[in-house]
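# Breakdown of the fold
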Amino acid sequence: IVESILDEFHQSNLTFRIVVIGNGAILETTSKLGPTSKSSISPKSGERLLTFASEDKSFEFHVKVDQVCKIAFVAAKRRVARFLTENGTPICSLILVDSSDEAEGWFDALVEKHGNEVLM
(Lines give C-alpha, C1' and ligand atoms only; values in the text may rest on other atoms or scores of the structure.)
Protein backbone atom coordinates (compact mmCIF):
# COMPACT_ATOMS: atom_id res chain seq x y z
CA ILE A 1 0.00 0.00 0.00
CA VAL A 2 2.97 2.35 0.61
CA GLU A 3 3.92 2.02 -3.05
CA SER A 4 0.38 2.70 -4.25
CA ILE A 5 0.01 5.83 -2.10
CA LEU A 6 3.41 7.14 -3.20
CA ASP A 7 2.40 6.37 -6.78
CA GLU A 8 -0.67 8.58 -6.29
CA PHE A 9 1.67 11.42 -5.24
CA HIS A 10 3.85 10.72 -8.29
CA GLN A 11 0.89 10.63 -10.70
CA SER A 12 -0.54 13.88 -9.30
CA ASN A 13 2.30 15.78 -10.98
CA LEU A 14 2.08 18.27 -8.10
CA THR A 15 5.05 19.87 -6.34
CA PHE A 16 5.87 18.91 -2.76
CA ARG A 17 8.23 20.12 -0.07
CA ILE A 18 10.07 16.88 0.68
CA VAL A 19 11.50 16.69 4.19
CA VAL A 20 13.72 13.72 5.05
CA ILE A 21 14.82 13.28 8.64
CA GLY A 22 17.98 11.27 9.27
CA ASN A 23 20.35 10.68 12.12
CA GLY A 24 22.03 14.04 12.61
CA ALA A 25 20.69 15.77 9.50
CA ILE A 26 17.48 16.99 7.88
CA LEU A 27 17.17 17.39 4.12
CA GLU A 28 14.51 19.64 2.59
CA THR A 29 13.84 20.25 -1.07
CA THR A 30 10.93 21.23 -3.29
CA SER A 31 10.18 18.96 -6.21
CA LYS A 32 7.65 16.85 -8.05
CA LEU A 33 7.97 13.12 -7.43
CA GLY A 34 9.43 12.27 -10.80
CA PRO A 35 9.03 12.24 -13.72
CA THR A 36 10.84 8.90 -13.18
CA SER A 37 9.42 6.36 -10.75
CA LYS A 38 11.06 2.95 -10.29
CA SER A 39 10.88 0.02 -7.87
CA SER A 40 14.06 -1.87 -7.08
CA ILE A 41 15.96 -3.86 -4.49
CA SER A 42 18.92 -2.18 -2.79
CA PRO A 43 22.10 -4.04 -3.77
CA LYS A 44 23.63 -3.17 -0.38
CA SER A 45 20.81 -3.88 2.08
CA GLY A 46 18.40 -6.04 0.07
CA GLU A 47 15.56 -3.67 1.02
CA ARG A 48 12.79 -2.76 -1.38
CA LEU A 49 13.14 0.80 -2.68
CA LEU A 50 10.80 3.11 -4.52
CA THR A 51 12.80 5.79 -6.30
CA PHE A 52 11.60 9.07 -7.77
CA ALA A 53 14.07 10.98 -9.92
CA SER A 54 14.28 14.11 -12.02
CA GLU A 55 14.78 13.60 -15.74
CA ASP A 56 18.55 14.19 -15.55
CA LYS A 57 18.77 12.25 -12.23
CA SER A 58 20.32 15.27 -10.50
CA PHE A 59 17.63 14.68 -7.86
CA GLU A 60 16.71 11.23 -6.54
CA PHE A 61 14.40 10.39 -3.64
CA HIS A 62 14.59 6.78 -2.42
CA VAL A 63 11.96 5.42 -0.01
CA LYS A 64 12.63 2.17 1.85
CA VAL A 65 9.02 1.07 1.62
CA ASP A 66 9.23 -1.80 4.13
CA GLN A 67 10.30 0.64 6.87
CA VAL A 68 7.10 2.68 6.49
CA CYS A 69 4.56 1.37 8.99
CA LYS A 70 2.18 4.33 9.11
CA ILE A 71 1.19 7.22 6.88
CA ALA A 72 -0.54 10.14 8.62
CA PHE A 73 -2.40 12.69 6.52
CA VAL A 74 -2.85 16.20 7.91
CA ALA A 75 -5.21 18.56 6.08
CA ALA A 76 -5.03 21.76 8.10
CA LYS A 77 -3.43 25.02 6.96
CA ARG A 78 -0.99 22.91 4.93
CA ARG A 79 -1.64 19.49 3.41
CA VAL A 80 1.01 17.07 4.75
CA ALA A 81 1.63 13.32 4.50
CA ARG A 82 3.96 11.97 7.17
CA PHE A 83 5.64 8.61 6.64
CA LEU A 84 6.54 6.96 9.96
CA THR A 85 8.34 3.87 11.26
CA GLU A 86 6.77 1.25 13.51
CA ASN A 87 7.66 3.26 16.65
CA GLY A 88 6.45 6.56 15.16
CA THR A 89 9.85 7.93 14.14
CA PRO A 90 9.51 10.19 11.09
CA ILE A 91 11.03 8.91 7.86
CA CYS A 92 9.89 11.74 5.62
CA SER A 93 7.09 14.21 5.03
CA LEU A 94 5.54 15.37 1.79
CA ILE A 95 4.07 18.85 2.11
CA LEU A 96 1.84 20.04 -0.72
CA VAL A 97 3.30 23.29 -2.07
CA ASP A 98 0.43 24.22 -4.39
CA SER A 99 -2.41 25.86 -2.44
CA SER A 100 -4.83 26.03 -5.37
CA ASP A 101 -8.33 24.64 -4.91
CA GLU A 102 -7.51 21.89 -7.42
CA ALA A 103 -4.37 20.76 -5.57
CA GLU A 104 -5.99 20.90 -2.15
CA GLY A 105 -9.00 19.03 -3.57
CA TRP A 106 -6.65 16.30 -4.82
CA PHE A 107 -5.11 15.95 -1.34
CA ASP A 108 -8.49 16.02 0.40
CA ALA A 109 -9.72 13.26 -1.94
CA LEU A 110 -6.65 11.21 -0.97
CA VAL A 111 -7.56 11.61 2.71
CA GLU A 112 -11.17 10.69 1.98
CA LYS A 113 -10.01 7.57 0.11
CA HIS A 114 -7.45 6.37 2.70
CA GLY A 115 -8.54 8.05 5.97
CA ASN A 116 -6.37 10.20 8.26
CA GLU A 117 -4.02 7.31 9.01
CA VAL A 118 -2.94 4.26 7.07
CA LEU A 119 -1.34 1.42 9.04
CA MET A 120 0.73 -1.16 7.20
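Residues numbered from 1 in each chain as written. Predicted model: local features only at pLDDT ≥ 70, side-chain atom pairs only at ≥ 80, totals over all residues. Heavy atoms only, no water.

Time to look at unusual backbone geometry. For the bond running from Gly34 to Pro35, omega is 25°, close enough to zero to count as cis. Tracing the sequence through the fold places Pro35 in the loop between β2 (25–32) and β3 (36–41). One non-glycine residue with positive phi stands out, namely Lys57, at about 60°. Relative to the helices and strands, Lys57 is located in the loop between β4 (48–53) and β5 (60–64). A relative accessible area of 51% means that Lys57 is categorised as exposed. (Helix = DSSP H or I, 4+ residues; strand = E, 2+ residues; numbered from the N terminus. Buried < 20%, exposed > 50% of the residue type's maximum accessible area, 1.4 Å probe, protein only.)

As enumerated under the stated definition, the model contains seven aromatic pairs in all. Ring-pair connections join several aromatic residues into one group, and the members of that group are Phe9, Phe16, Phe73, Phe83, Trp106 and Phe107. (Phe/Tyr/Trp six-rings, centres within 6.5 Å; stacked < 30°, edge-to-face > 60°.)

This part covers the state of the cysteines. The bond known as a disulfide is covalent and runs between the sulfur atoms of two cysteines. Tallied over the full model, the rule gives zero disulfides. The closest cysteine sulfur to the non-disulfide-bonded Cys69 is located on Cys92, 13 Å from its own sulfur. Judged by relative accessible area, which is 3%, Cys92 ranks as buried. (Disulfide = S-S within 2.5 Å.)

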